[in-house]
Amino acid sequence: MTSTVIQRKWHTTREVAEMLGYGLSKTKMLVLTGEIRSIKDGRNRRILPRYVDEYVERRAQEAEAEWSA
């Protein structure tokens, strides 16, 4: 028997906050300022997995630049 794993195509702001270990208000602010890209789906904001990856990679690069400065 094979099981099918369904990959989520996008995440809610709350889910991204949990993934990053951030509070919901901080995550909402990052979305509102565009630091974490999102799309509007009706009244809701949705965040694509690649947008989360982009944010994490950018933060890692910034941290590495600080270390090498």
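Cut-off values and rules
Residues numbered from 1 in each chain as written. Predicted model: local features only at pLDDT ≥ 70, side-chain atom pairs only at ≥ 80, totals over all residues. Heavy atoms only, no water. Helix = DSSP H or I, 4+ residues; strand = E, 2+ residues; numbered from the N terminus. Rg over C-alpha atoms; globule rule 2.2 N^0.38 Å. Buried < 20%, exposed > 50% of the residue type's maximum accessible area, 1.4 Å probe, protein only. Contact = heavy atoms within 4.5 Å. Areas by Shrake-Rupley, 256 points an atom, 1.4 Å probe, with all protein chains shown as cover. Lys, Arg positive; Asp, Glu negative; His and termini not counted. Charge placed at Lys NZ, Arg CZ, Asp CG, Glu CD. Expected span 1.5 Å × (residues − 1).

A. Just the overall build of the protein, in detail. Of the regular secondary structure elements, the protein holds three helices and two strands. Secondary structure elements of the protein occur, N-terminal to C-terminal, as α-α-β-β-α. For the protein, whose C-alpha radius of gyration is 14 Å, the value lies well above the compact-globule estimate of 11 Å for 69 residues. Expressed as lengths along the three principal axes of its C-alpha atoms, the size of the protein is roughly 55 × 35 × 20 Å. Scored against the burial criterion, the 69 residues of the protein give a buried share of 22%. In the protein, the proportion of contacts linking residues at least 24 apart, taken out of those at least 6 apart, comes to 43%. Per element, the accessible surface of the protein, about 5,600 Å² overall, is 52% carbon and sulfur. In the protein, 13 positive and 10 negative side-chain charges are present, and the distance between their average locations comes to 10 Å.

B. Expanded view of helix 3 (residues 49-68). For helix 3, with 20 residues, the first-to-last C-alpha span of 29 Å sits near the 28 Å given by 1.5 Å per residue. Next to the buried residues of helix 3 lie helix 1 (13-20), helix 2 (24-32) and strand 1 (39-41).

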